[in-house]
Amino acid sequence: MEKRHLGRTGLQVSRLGLGTMTWGRDTDEQEAAEQLKEFVDAGGNLVDTADVYADGDAEYLLSRLTDGLVPRSELVIATKAGSVPASGRRFDGSRGHLLSALDASLRRLGTDYVDLWQVHAFDPATPAEETLSALDIAVASGRARYVGVCDFSGWQLARAATWQHAHHGRVPLAGAQLEYSLLQRGIEREALPAARETGVGLLAGSPLGRGVLTGKYRHGLPPDSRGASPYLSGFVQPYLGERARRIVDAVATAADGLASSPLAVALAWVRDRPGVASALVGARTVGQLQAALSVEELTLPEEIRGALDDISAPVHRYPDQGWSEL
């Protein structure tokens, strides 16, 4: 699998990454082991997790697999901190919380360092400079090799990246993880241009539109799907409307013309967008992962890419389009 530099750094990540949000909850240890082995055998190295995935069990599970199945040195392990869904405060970007969470992640992962440590979300209750200082401390102490952010808006990302560049001794942001797919192109308005301008590599989350772009929901709600899951049904529901149906139909038509699958077409579109370092795929089964990994052989023709661009184009108004439309 092709490797790409993450932003303006020396860190190389596979252009498809393995997401672990379902590990330890919907994906058991045996299934996770098969997924990880399949992924590494295909040349993948980036594995993305978080301290809150399955309440920490996803990190525990990854630790058990790197103990005996895949050498730690072959993986780029990325994790996150800052999300606190069980408390009255949804996000905590304070230096104390972040560093304590990192230490807890390292214990669960059974490693001395993570390759990429990410702030899970912007915390408006904490000064940005304090949040960013935790990233500097993590790298200076050897607990993280590179750092990044997740789900920052355009101005938040631009400010954070500029702050890190402007002050001597601070660690530049390597990556920004943001949702990006044919069903969600909102980052093209400001966040993606900010990332590209400041040299931050994009890790594209939910590149299959939370599973909807595979076409599995075109004729109903499969009982074994995320849309039917008590944990993830609310995650899928926003992408089951009329606009999404038109885009999914276009993807299916393109797949038919290429003798491919909707999954492969949608994933190849995201993977090859300017600024994308890696598209993160979260599979419930090894079969789903194998289908995603097969996209390595697919490059979309320009005419098909253009048609998909047109039907999924995000709305641009003032100030994105100057003064042409208010």
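Residues numbered from 1 in each chain as written. Predicted model: local features only at pLDDT ≥ 70, side-chain atom pairs only at ≥ 80, totals over all residues. Heavy atoms only, no water.

**Q** Break down the overall build of the protein chain for me, with residues and values.
**A** Broken down by element type, the protein chain carries 11 helices and 10 strands. For 326 residues, the compact-globule estimate of 2.2 N^0.38 gives 20 Å, and the protein chain sits close to it at 19 Å. Once the C-alpha set of the protein chain is aligned to its principal axes, its extents read approximately 55 × 50 × 40 Å. Counting only residues that meet the buried cut, the protein chain has 54% of its 326 residues in that class. For the protein chain, contacts bridging at least 24 residues in sequence account for 78% of all contacts bridging at least 6. In the form shown here, the protein chain has an accessible surface area of approximately 14100 Å², with 50% of it arising from carbon and sulfur atoms. Positive and negative side-chain charges in the protein chain, numbering 33 and 41 respectively, have mean positions lying 3 Å apart. (Helix = DSSP H or I, 4+ residues; strand = E, 2+ residues; numbered from the N terminus. Rg over C-alpha atoms; globule rule 2.2 N^0.38 Å. Buried < 20%, exposed > 50% of the residue type's maximum accessible area, 1.4 Å probe, protein only. Contact = heavy atoms within 4.5 Å. Areas by Shrake-Rupley, 256 points an atom, 1.4 Å probe, with all protein chains shown as cover. Lys, Arg positive; Asp, Glu negative; His and termini not counted. Charge placed at Lys NZ, Arg CZ, Asp CG, Glu CD.)

**Q** Quick one: what's the story with the sheet that holds strand β7 (residues 144-150), residue by residue and with numbers?
**A** The strand order around the closed barrel formed by eight strands is β3-β4-β5-β6-β7-β8-β9-β10, and the pairing between neighbours is parallel. In this sheet, adjacent strand axes meet at a mean angle of 30° when their direction is disregarded. In the sheet, strand β8 (residues 175-179) pairs with strand β9 (residues 201-205) via five bridges, with the strands oriented parallel. What sits directly across from E179, in β9, is G205. On the sheet, helix α9 (residues 262-271) packs against β3 (16-19), β9 and β10 (276-281) and is oriented at approximately 150° with respect to β10. (Pairing = 2+ DSSP bridges. Axes fitted to C-alpha atoms, helices over the stretch in contact; angles between N-to-C directions.)

**Q** Provide a residue-level description of the packing of aromatic side chains, including the pertinent values.
**A** Tallied over the full model, the rule gives three aromatic pairs. With a centroid separation of 5.4 Å and 90° between ring planes, the pair formed by F122 and F152 is classed as edge-to-face. Here the residue F122 occupies a position in the loop between β6 (114-119) and α4 (128-140), and F152 occupies one in the loop between β7 and α5 (154-166), the gap between them amounting to 30 residues. Accessibility classification places F122 together with F152 in one group, the buried group. Members of the aromatic cluster, joined through ring pairs, are F122, F152 and W155. We note R72 situated over the ring of Y113; from NZ or CZ to the ring centre the distance is 4.4 Å. Lying across the ring of Y113, R145 places its NZ or CZ 3.7 Å from the centre. (Phe/Tyr/Trp six-rings, centres within 6.5 Å; stacked < 30°, edge-to-face > 60°. Lys NZ or Arg CZ within 6 Å of the ring centre and 35° of its normal.)

**Q** With reference to specific residues and values, describe the packing of helix α8 (residues 242-257) against α9.
**A** Remark: α8 packs on α9, axes separated minimally by 8 Å, with the N-to-C direction vectors making an angle of 105°. Judged by the inter-axis angle, α8 sits roughly perpendicular to α9. Contact with α8, carried on its side by V251, A252, A254 and A255, involves P262, V265 and A266 of α9 and no other residues of that element. Tallied by class, residues from the contact of α8 with α9 come to seven nonpolar, no polar and no charged. (Parallel < 35°, antiparallel > 145°, perpendicular 65-115°, else oblique. Nonpolar A, V, L, I, M, F, W, Y, C, P; charged D, E, K, R; others polar.)

**Q** So what's going on with the side chain of S181? Which residues, and what values?
**A** Mapped onto the fold, S181 is located in the loop between β8 and α6 (191-198). The class of S181 is buried, set by a relative accessible area of 0%. Within polar-contact distance, the side chain of S181 engages the backbone nitrogen of L183 at 3.0 Å. Ignoring anything within four residues of it in the chain, the contact list for S181 reads S206, P207, G209, L213, W269 and V270. (Polar contact = N/O pair within 3.5 Å; in protein donor to acceptor, adjacent residues only side chain to side chain.)

**Q** Describe in detail the pattern of salt bridges, supporting the description with residues and values.
**A** Summed over all chains, the structure comprises 24 salt bridges. Here R170 ties to D136 by a salt bridge, and the two come within 2.4 Å at their closest N and O atoms. You can see R170 sitting in the loop between α5 and β8 and its partner D136 sitting in helix α4, a full 34 residues away along the chain. Taking the relative accessible area as the measure of exposure, D136 reaches 12% and is therefore buried. Linking R305 and D272 is a salt bridge whose minimum nitrogen-to-oxygen distance equals 3.8 Å. A residue pair is termed long-range when its members are at least 10 positions apart, and R305 in helix α11 (residues 302-311) and D272 in the loop between α9 and β10 qualify at 33 residues. Through salt bridges with shared partners, a single ionic network connects E2, R4, R15, R271, D272, E296 and R305. (Salt bridge = Lys/Arg side-chain N within 4 Å of Asp/Glu carboxyl O.)

**Q** Before we move on, could you go through the nonpolar core and cite the residues and values that matter?
**A** Residues W23, L36, W117, L173 and Y180 are the most contacted members of the largest nonpolar core, which totals 87 residues. Residues contacting L36, with those up to four places away along its chain left out, are L18, W23, V47, L62, L65, L69, V70 and L75. Core analysis: the next-biggest nonpolar cluster, separate from the first, contains 11 residues, L11, A78, L116 and L280 among them. (Core = buried A, V, L, I, M, F, W, Y, C linked by side-chain atoms within 4.5 Å.)

**Q** Lay out the packing of α4 against α5 in plain terms, naming residues and giving numbers.
**A** One way to put it is that α4 packs onto α5 with a least axis distance of 11 Å and a crossing angle of 55°. What the angle tells us is that α4 and α5 run oblique. Along this stretch, α4 crosses α5, giving a crossing that reads as right-handed. Contacts from A128, E129, L132 and D136 in α4 reach R159, A160, W163 and Q164 in α5. (Left-handed = near helix turned anticlockwise from the far one by under 90°.)

**Q** I'd love a proper account of the environment of E197, names of residues and values included.
**A** Tracing the backbone through its elements, the reader meets E197 in helix α6. Measuring from C-alpha to C-alpha, the distance between E197 and W269 comes to 21 Å, with 72 residues separating the pair along the chain.

**Q** Describe the pairing of strand β5 (residues 76-81), naming the residues involved and giving the relevant values.
**A** When you tally the buried positions in β5, you get six out of six residues, the bulk of the element. Residues V76, A78 and K80 of β5 are buried on one face, and the alternating residues I77, T79 and A81, pointing to the opposite face, are buried as well. By the bridge criterion, three bridges tie strand β4 (residues 46-48) to β5 in an arrangement that is parallel. When the sheet's bridge partners are listed, D48 is paired in β5 with A78. Once the chain exits β4 it traverses helix α2 (residues 57-68) before rejoining the sheet at β5, and the crossover so formed is right-handed. As judged from the four bridges shared by β5 and β6, these two strands associate in the parallel manner. (Right-handed = clockwise from strand over helix to strand, strands pointing away.)

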